[in-house]
Amino acid sequence: MHYMPFIQTHYSSMKINRPSSAVRGLLALVVCCQLVSAASSKPNIIWIFSDDHSFQTIGAYGGRYQKLNPTPHIDRIANEGMRFDRCYVTNSICAPSRAVLLTGKHSHLNGKRTNHDTFDQDQMNFAKILQTKGYETAMIGKIHLKGKMQGFDYWDVLPGQGKYNNPDFISEKGTTAHTGYVTDVITDKSLTWLKSQHNKDKPFMLMIHHKAPHRHWAPAKRHMNKYEDITIPEPPNLFDDYQGRGSPARTQDMSIEKSMHLLGDLKVNKKGSKNLQYAKRNAYYQKHKPTGKDLVRWKYQLYLKDYLRCIWAVDEGVGRILDYLKESGLEEDTIVMYCSDQGFYMGEHGWFDKRFMYEESFRTPLLVRWPGKIKPGSVNTDMVQNIDFAETFLDLAGVDPPEDMQGESIVPLMKGKTPADWRKSIYYHYYAYPGFWHSVKRHEGVSEKRFKLIRFYGKDVIDGEEWEFYDLQKDPSEMKSEYLNPEYEGEIRRLKKEMQRLRTYYQVPDDA
Ligand SMILES: [Ca+2]
């Protein structure tokens, strides 16, 4: 508010007790213009957040699906901005990840360790702070946290997981039914808010949260036959035998072979289905009755195709948002970020789903475009984590974060100026066992760029505790734990100490 001293000094220098109405009018205009200018100097933020979107299926990240060109619009954010190659989550599962996003705190402090824990909406979140600093805030789509949203001037969210077709939405006004495909409805609502609902005198934070491509992978009708005549490349470890690791990898319930359902997930056996794609699957299955590896390969193809088809609508939605920013002249003043709530297995280790601290689910995509501030086409390889997002949003808005948020702003990284003391290690903790889904044992761990140490513990873990250690440089697919290899004894001892340091730093309770 630097204009106030200026005005007071100006009065005293003029030696008048009460300015004339003309002067008062002029001063009001000056103040008003400065307020608008102060507001407009703060950037808008659009945060696009999909659910379970793996970095492997984003074109900008390269990899085996790149030739399929799965995400031309999402790639625009990377091409015109920055790709983060080491963005990780604290706890690889939907609702806990969203709680971290809002609070900037690990699960043990924000209280949302598993999908079934209650999230206290009354606690501090970054959006509440942005509101007090002149930002208009909006949340549209999937949040997967019960209770009224707080900190958002406008919120219109899916109940729970939401539905792919004709979804309900919950807002301040109650529940409303919608017709159409969920990804399109979320994009439409976001564009409507941008075009006609928000207060154009304020900078804004718009969070566009897609349901897709979450299980059960129901694509939009217009994408149903995409990739039809293509064979999707398989990961080299689709038929992992799990011999290189401890019992948790062997005893999970998230394999394409055993846990992916022909009917519920892949819509096979939908007799009389009006959907030609599903009817075709059923006809193939009835005729060939694939078994063993043939069945896994066939399921993998159906899974990947449905997943990529779901991504296609998300990507189109991103394209529509980016096009609108350009048309409306908002592009220069608006930061666009694309991210997912965690990574996902695209058949690596024979799996789908997430949860494990192995790279595919531990890592998540992060792309950021900020015209004039981020160098187009740049890549960052520093270790960032989803606890950083809340503080990053606040930093972008020029606001100091509260003391108890646990991340770091990544704004300096966006500007190509990583602080010398930037973190070299990341702490992870997954809690959802025993649970309803997928049977992944509780574990915590520490990861650096090269080495990763994981401690599985608790119920159904052999002797109550099993350790794994990976050299990501030699074994990027994490096929063999080197925990018992004497060559790594020193590194393992060092990482155990580092994990203890991080537990203390992040205030992890001893019994968690
Ligand atoms: Ca998720």
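Once a new chain begins, its residue numbering starts again from 1 and follows that chain's sequence as written. Only residues with pLDDT of 70 or above have their local features reported here, since the model is predicted, and side-chain atom pairs are shown and tallied only from 80 upward, although totals for entire chains, interfaces and linings are computed over all residues. The side-chain quantities take in all heavy atoms of the structure and omit both hydrogens and water.

### What about the overall build of the protein?
Only DSSP runs of H or I covering at least 4 residues are called helices, and only runs of E covering at least 2 are called strands; the numbering of each starts at the N terminus. A tally of helices and strands in the protein yields 14 helices and 16 strands. For this measure, only C-alpha atoms enter the radius of gyration; the expected value for a globule follows 2.2 Å times N^0.38, where N is the number of residues. Here the C-alpha radius of gyration of the protein, 25 Å, is about what a compact globule of 512 residues would show, namely 24 Å. Among the 512 residues that make up the protein, the fraction classed as buried is 59%. In what follows, residue pairs with any heavy atoms lying within 4.5 Å of each other are defined as contacts. Put simply, of all contacts in the protein between residues at least 6 apart along the chain, 68% involve residues at least 24 apart. For the protein, the computed accessible surface area is about 21900 Å², with 52% contributed by carbon and sulfur atoms. Charge assignment: positive for Lys and Arg, negative for Asp and Glu; neither His nor the chain ends contribute. Taken as the charge location is NZ of Lys, CZ of Arg, CG of Asp or CD of Glu. One way to put it: in the protein the 72 positive side-chain charges average out to a point 4 Å from where the 64 negative ones average out. Residue exposure (1.4 Å probe, protein chains only): buried if accessible area is under 20% of the type maximum, exposed if over 50%, otherwise partly exposed. Using a 1.4 Å probe, the Shrake-Rupley method yields the accessible areas, and only the shown protein chains count as cover for residues.

### Focus on the domain arrangement of the protein
A domain assignment, automatic or from a database, supplies the domain bounds used here. Split into domains, the protein comes out as domain 1 (3-38), domain 2 (43-219 + 312-422) and domain 3 (429-505). Each of domain 2 and domain 3 has a C-alpha centre, and the two are 28 Å apart. Listed by partner, the interface residues are 24 residues for domain 2 and 25 residues for domain 3. Buried area between domain 2 and domain 3, both sides added, is near 2000 Å², and the carbon and sulfur share of it is 59%. Salt bridges, as used here, are contacts in which a Lys or Arg side-chain nitrogen is within 4 Å of a carboxyl oxygen on Asp or Glu. Between E359 and K452 there is a salt bridge, with its nearest N and O atoms 2.9 Å apart. Polar contact is the term for a pair of N or O atoms within 3.5 Å; when the atoms are in protein, one must be able to donate a hydrogen and the other to accept it, and sequence-neighboring residues count only if both atoms are side-chain atoms. In this structure, the connection of domain 2 to domain 3 is made through ten residue pairs in polar contact (both at pLDDT 80 or more). Elements with a minimum of two residues in the side of domain 2 that touches domain 3: α5 (107-110) and α11 (359-362). In terms of residue count, α11 provides more of the side of domain 2 that touches domain 3 than any other element does, three residues in total. Polarity classes work like this: nonpolar for Ala, Val, Leu, Ile, Met, Phe, Trp, Tyr, Cys and Pro, charged for Asp, Glu, Lys and Arg, and polar for all others, with Gly in that last group. Taken together, the residues that form the side of domain 2 that touches domain 3 break down as seven nonpolar, eight polar and nine charged. We define buried area as the total accessible area lost by two parts upon association, computed with a 1.4 Å probe and summed across both.

### Regarding helix α3 (residues 72-79)
The set of residues buried in α3 consists of I74, D75, R76, I77 and A78. Where α3 is buried, its residues contact β2 (82-84), α10 (292-328), β9 (334-340) and β10 (366-369).

### Considerations on the coordination of the calcium ion
Each protein donor to the calcium ion is listed here as D51 (OD), D52 (OD), C94 (SG), D341 (OD), D341 (OD) and Q342 (OE1); together their distances run 2.1 to 2.6 Å. For Na, K and Ca the donor cut-off is 3.2 Å, while for other metals it is 2.8 Å, and in both cases only N, O and S atoms qualify; water is not among them, so sites may look incomplete. A four-donor site is called tetrahedral if each angle lies between 85 and 135 degrees; a four-donor site is square planar, and a six-donor site octahedral, when trans pairs exceed 155 degrees and the remaining angles lie between 65 and 115; all other cases are labelled irregular. Given six donor atoms and angles of 53 to 162° at the metal, the environment of the calcium ion is assigned as irregular. Of note, the donors binding the calcium ion are all from one chain and are spaced D-D-x41-C-x246-D-Q. In this pair, D52 sits in the loop between β1 (44-50) and α3 while D341 sits in the loop between β9 and α11, placing the two residues 289 residues apart along the sequence. With a relative accessible area of 0%, D341 lands in the buried category.

### With respect to the sheet that holds strand β7 (residues 174-177)
A pair of strands is labelled paired if DSSP reports no fewer than 2 bridges between them. With mixed pairing, ten strands are arranged side by side in an open sheet as β7-β6-β5-β4-β8-β1-β9-β10-β2-β11. Lying at the two open borders of the sheet, with one neighbouring strand each, are β7 and β11 (378-380). Across the sheet, the mean angle from the axis of one strand to that of its neighbour is 15°, orientation sign disregarded. Sheet analysis places strand β4 (residues 136-141) next to strand β5 (residues 154-157), joined by four bridges and oriented parallel. Angles shown run from 0 to 180 degrees and are taken between the N-to-C directions of axes, each axis being a line fitted to C-alpha atoms and, for helices, limited to the stretch in contact.

### Details of the packing of aromatic side chains
Geometry of aromatic contacts follows a simple scheme: Phe, Tyr and Trp rings, the Trp one being its six-membered ring, pair when their centres are within 6.5 Å, and the pair is stacked under 30 degrees between planes, edge-to-face over 60, tilted otherwise. Applying the stated criterion across every chain, the model contains 30 aromatic pairs. With a centroid separation of 6.1 Å and an interplanar angle of 75°, the aromatic rings of Y303 and Y307 are classed as edge-to-face. Taken as a pair, Y303 and Y307 lie in helix α10 at a separation of four residues, close to a single helical turn. The class of Y303 is buried, set by a relative accessible area of 0%. Looking at Y307, the relative accessible area reads 0%, which means it is buried. One aromatic cluster is present, formed by Y242, Y345, W351, F356, Y358, F456 and Y470 through successive ring pairs. Whether a charge lies above a ring is judged from NZ of Lys or CZ of Arg, which has to be within 6 Å of the ring centre and within 35 degrees of the ring normal. Over the ring of Y431 we find R113, and its NZ or CZ is 5.3 Å from the ring centre. When the ring centre of F169 is taken as origin, the NZ or CZ atom of K189, which lies over that ring, is 4.6 Å away.

### Some details on the environment of K189
Inspection of the secondary structure assignment puts K189 in helix α7 (residues 182-197). The exposure class of K189 is buried, given its relative accessible area of 12%. Expressed as a C-alpha distance, the spacing of K189 and H438, which sit 249 residues apart in the sequence, is 34 Å. Beyond its immediate chain neighbours, meaning those up to four positions away, K189 contacts I140, D156, F169 and H178.

### Regarding the side chain of T392
Within the secondary structure, T392 is located in helix α12 (residues 388-396). Owing to a relative accessible area of 0%, T392 belongs among the buried residues under this scheme. Setting aside anything within four residues of it in sequence, one finds T392 in contact with M337, E408, S409, I410, V411 and M414.

### Things to note about the side chain of Q277
With respect to the helices and strands, Q277 occurs in helix α9 (residues 276-288). Leave out the neighbours within four places in its chain, and Q277 touches M224, N225, E228 and R309.

### Observations concerning the pairing of strand β13 (residues 426-430)
Counted residue by residue, β13 has five buried out of five residues, so it is predominantly covered. Along β13, one buried face is formed by I426, Y428 and Y430 and the opposite face, lined by Y427 and H429, is buried too. Relative to strand β14 (residues 443-447), β13 runs antiparallel, the two sharing five bridges. Residue pairing for β14: Y427 is matched across the bridge by V446.

### Here's the deal with the nonpolar core
As used here, the term nonpolar core means buried Ala, Val, Leu, Ile, Met, Phe, Trp, Tyr and Cys residues forming a set that is joined through side-chain atoms within 4.5 Å. Residues I46, L206, Y303 and Y338 are the most contacted members of the largest nonpolar core, which totals 64 residues. Among the elements that make up this core, the one with the highest residue count is α10 (19 residues). Excluding residues that lie within four positions of it along the chain, I46 makes contacts with L194, F204, L206, I208, I321, L325, T334, I335, V336 and M337. Grouped together as the second largest cluster of nonpolar side chains are 46 residues, M82, L101, V368 and V384 included.

### With respect to the packing of α7 against α10
Contact geometry of α7 with α10 gives a least axis separation of 9 Å together with a crossing angle of 10°. As judged from the angle between their axes, α7 and α10 are roughly parallel. For the pair formed by α7 and α10, the contact residues are T183, D184, T187, D188, S190, L191, L194 and K195 on the first element and A313, V314, G317, R320, I321 and Y324 on the second. Of the residues that constitute the contact of α7 with α10, the class distribution is six nonpolar, four polar and four charged. By definition in this entry, angles of less than 35 degrees are roughly parallel, angles greater than 145 are roughly antiparallel, angles of 65 to 115 are roughly perpendicular, and the rest are oblique.

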